[in-house]
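# Structural features, examined
Letter by letter, the chains look like this.
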Amino acid sequence: MNVNQYDLAVIGAGPGGYVAAIRAAQLGLRVACIEKESRLGGTCLRVGCIPSKALLESSEKFVQAKEHFGDHGIHTENLRIDISAMMTRKNQIIETLANGISGLFKKNKIDHAHGTASFLAPNQLQISSSAGTRTISASRILIATGSVPIELPGLPFDGKRVISSDQAIALEKVPQQLVVIGAGAIGLELGSVWSRLGSQVTVLELFPAVLPGADEEMARQMERTLRDQGMKFHFGITAKGLKEEKKRLQVVFGPSDGPADKDSSTPADVVLVAVGRRAAAQGLNLEKVGVNCDSRGRIVVNHKWETSVPNIYAIGDVIAGPMLAHKAEEEGIAAVELICGKAGHVNYDTIPYVVYTAPELAWVGKTEAQLKEKSISYRTGKFRFAANARALCMDEAQGLVKILADARTDRVLGVHIFGPQASSLIAEAGVAMEFGASSEDIARTCHAHPSLPETLKEAALAVDGRTINS
Ligand code: NAI
């Protein structure tokens, strides 16, 4: 056997790529996974989902200790934060999980090739690293190279004053003034981290509200809550550039097509640009082998994740669709299963969305605006966490659950949760929708008392106007 000949080569060891590699190995393929970074795990693990969640947890504990422990009769004098210890803890989590993936690769006999891959031919890759260059061949190649932060004209990243999420999870001290451009998931999550740790956070957003893709009612609740937590917002504007005033950096912003005399500015020690991410398809030499990309640089695939070139596949952030780790994972597994003659499938209608603020926002399925746009008539059931015993005991009784059910069939079309542990609660809604549940099904399912998931049962009862506890 030629050591450089594989059944499948996966480019990228993020949540899409590493999971696909493992599934392929389980199905008996000889697999190589190529990763340019020294750590496995991709953006999600190195500089994205995981480090941000570690810091969200630490910073929320600080807020709890500072503002809420007293209510429980627990007094904490001389409370202080040690950013360096917080970062060390975060780095240890990354290290543990990255080592875990290395272990899984060994267990599954996946060859981890360190280096940057580019196509030499449709079934041949060159892998370059500081150690040199080698060539591997694979009957099939799966591209899972993810995405990179988008840079704004007038605000190029310098890694110090104008940063992306990559650096916002690793600041050495709390900036006095943090300006966040973009009120998407990254802006709100990382804005929350630094706001909790003491920064004055100002968010500049193009759209008239936070989280353009979320249900409007939930987005409004989120905005109100974050304002109460001390964050400031300017909507309907674009960040235009930087200026220096009295040795102080200022971010200039105003209506996107408005004249300069309508512009305002806000001071910043650090500017976090979080206006979205773009597919990382450059440098792969795709043109050479004929893999097509769309106008936004995303690799074009069909329903089997096949690109325009036979035996080359792509999944995750580098193709169209929501840029979510779990979407990439599902696609990776389905693509590999189809390659192996199995029935891989992704139900894009039941992909959950989560924003890990406090409280968290999570949803699955359609928003009210999407249902109205499609002229689908629906019934709404809502239940507030304030009427849930467990939430009150936890001192986390903010927010609500909203269920949208088809007016004719009662089938659940969308579930929106703004409240404690929404990221976990949404799983019940996902399973229910995956099984085509009606709101009546959820309403008649026995839920433990007292527990947070009772809010889902009550919201389901509310669809039919028979909620018990409100
Ligand atoms: P995003 O696309 O979610 O949000 C970007 C925001 O920036 C939008 O609200 C947009 O209107 C605004 N914007 C764009 N240009 C602007 C300008 N010139 N001035 C002011 N505002 C502007 O992108 P984000 O937050 O950077 O996240 C990137 C990707 O990563 C997204 O697909 C997101 O879903 C994903 N992600 C998901 C997380 C989660 O699920 N918890 C966490 C972090 C990221």
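### Focus on the sheet that holds strand β18 (residues 353–355)
The antiparallel open sheet is built from 5 strands, whose spatial order is β18-β19-β22-β21-β20. Two strands lie at the open edges of the sheet, namely β18 and β20 (378–384), each paired on one side alone. Neighbouring strand axes in the sheet, compared pairwise and without regard to direction, differ in orientation by 10 degrees on average. With 7 bridges joining them, β20 and strand β21 (residues 400–406) adopt antiparallel strand pairing. Counterpart to T380 in the pairing with β21 is L404. Here helix α7 (residues 216–228) sits on the sheet and contacts β18, β19 (360–365), β20, β21 and β22 (412–419); the angle it forms with β22, its principal contact strand, is near 5 degrees.

### What about the site of the ligand?
Inspection of the region around the ligand gives 23 residues, with E189, E205, T238, G276 and V354 positioned closest. Between E189 and the ligand, the recorded distance is 2.8 Å, taken from a side-chain N or O atom to a nitrogen atom. A274 is positioned such that a nitrogen or oxygen atom in its backbone is 3.4 Å from an oxygen atom of the ligand. Relative to its unbound accessible area of 830 Å², the ligand is 78% covered by the protein chains. Every element with two or more residues in the shell around the ligand is listed here: α6 (185–196), β10 (200–205) and β12 (238–245). Considering every element that reaches the shell around the ligand, the biggest residue donor is α6, with 3 residues. Broken down by class, the residue content of the shell around the ligand amounts to 16 nonpolar, 4 polar and 3 charged.

### Examining the sheet that holds strand β11 (residues 232–235)
The pairing of strands in a sheet comes from backbone hydrogen bonds and takes either a parallel or an antiparallel form. Taken together, 5 strands build an open sheet; the order of strands is β8-β15-β9-β10-β11 and the sheet is parallel. Of all the strands in the sheet, just β8 (162–163) and β11 have a single pairing partner and so form its edges. Bridge analysis of strand β9 (residues 177–181) against strand β15 (residues 270–273) gives 4 bridges, and the strand direction is parallel. If you follow V179 over to β15, its bridge partner there is V271.

### Things to note about the packing of aromatic side chains
According to the stated counting rule, one finds 2 aromatic pairs in the structure shown. Judged by centre distance (5.6 Å) and plane angle (5 degrees), the rings of F233 and F235 are stacked. The buried category is assigned to F233, whose relative accessible area is 6%. Here F235 falls in the partly exposed class, since its relative accessible area comes to 22%.

### Observations regarding helix α3 (residues 49–68)
Across its 20 residues, α3 extends 26 Å between first and last C-alpha, which sits within 8% of the 28 Å expected from 1.5 Å per residue. Burial in α3 covers these residues: P51, S52, A54, L55, L56, S58, S59, F62, V63 and A65. In this structure, the buried side of α3 is in contact with α2 (42–46), α4 (83–107) and α6.

### Things to note about the pairing of strand β1 (residues 5–11)
Of all 7 residues in β1, 5 are buried; the element is thus mostly enclosed. The pairing of β1 with strand β6 (residues 132–143) spans 6 bridges and is parallel. The partner of A9 across the bridge, within β6, is I141. As paired elements, β1 and strand β2 (residues 31–35) share 4 bridges and run parallel to each other. Within β2, the residue paired with V10 across the bridge is C33. One crossover worth recording links β1 to the parallel β2 by way of helix α1 (residues 15–26), and it is right-handed.

### A closer look at the pattern of salt bridges
Between side chains of opposite charge, a pair can form when the charged atoms approach closely. Tallying each qualifying case throughout the model produces 26 salt bridges. For K402, the salt bridge goes to E217, with nearest N and O atoms at 2.6 Å. One end of the pair, K402, is in strand β21; the other, E217, is in helix α7, with 185 residues separating them in the sequence. Like E217, K402 is buried. Between D410 and R379 there is a salt bridge, with its nearest N and O atoms 3.8 Å apart. Taken together, the residues D410 in the loop between β21 and β22 and R379 in strand β20 connect sequence positions 31 residues apart.

### A few points about the side chain of S52
Tracing the backbone through its elements, the reader meets S52 in helix α3. Of the residues examined, S52 reaches a relative accessible area of 5% and is grouped as buried. At a separation of 3.0 Å, a polar atom in the side chain of S52 contacts the main-chain carbonyl oxygen of C49. Here S52 is in contact with I169, E189, L190 and V193, once residues within four sequence places are set aside.

### Some words on the domain arrangement of the chain
Looking at the chain, the domain boundaries give domain 1 (3–149 + 278–346), domain 2 (162–275) and domain 3 (350–463). In this structure, domain 1 and domain 3 have C-alpha centres spaced 30 Å apart. The partner domain 3 presents 6 residues to the 11 residues of domain 1 that form the contact. Across the domain 1 to domain 3 interface the summed buried area is about 700 Å²; carbon plus sulfur atoms make up 69%. Where domain 1 meets domain 3, there are 0 salt bridges.

### Remarks on unusual backbone geometry
Here A358 and P359 are connected by a cis peptide whose omega angle stands at -5 degrees. Relative to the helices and strands, P359 is located in the loop between β18 and β19. Cis rather than trans, the peptide bond between H449 and P450 has omega equal to -5 degrees. Turning to its location among the elements, P450 is positioned in the loop between α13 (439–443) and α14 (454–463). A positive phi angle is found at K109, which is not glycine, with a value near 55 degrees. Along the chain, K109 falls in the loop between α4 and β3 (111–114). Look at L211: it is not a glycine, yet its phi comes out positive at around 45 degrees. Inspection of the secondary structure puts L211 in the loop between β10 and α7.

Each value, and the rule that gives it
Residues numbered from 1 in each chain as written. Predicted model: local features only at pLDDT ≥ 70, side-chain atom pairs only at ≥ 80, totals over all residues. Heavy atoms only, no water. Pairing = 2+ DSSP bridges. Helix = DSSP H or I, 4+ residues; strand = E, 2+ residues; numbered from the N terminus. Axes fitted to C-alpha atoms, helices over the stretch in contact; angles between N-to-C directions. Contact = heavy atoms within 4.5 Å. Near = heavy atom within 4 Å. Polar contact = N/O pair within 3.5 Å; in protein donor to acceptor, adjacent residues only side chain to side chain. Areas by Shrake-Rupley, 256 points an atom, 1.4 Å probe, with all protein chains shown as cover. Nonpolar A, V, L, I, M, F, W, Y, C, P; charged D, E, K, R; others polar. Phe/Tyr/Trp six-rings, centres within 6.5 Å; stacked < 30°, edge-to-face > 60°. Buried < 20%, exposed > 50% of the residue type's maximum accessible area, 1.4 Å probe, protein only. Expected span 1.5 Å × (residues − 1). Right-handed = clockwise from strand over helix to strand, strands pointing away. Salt bridge = Lys/Arg side-chain N within 4 Å of Asp/Glu carboxyl O. Domains from an automatic or database assignment. Buried area = accessible area lost by both parts, 1.4 Å probe.

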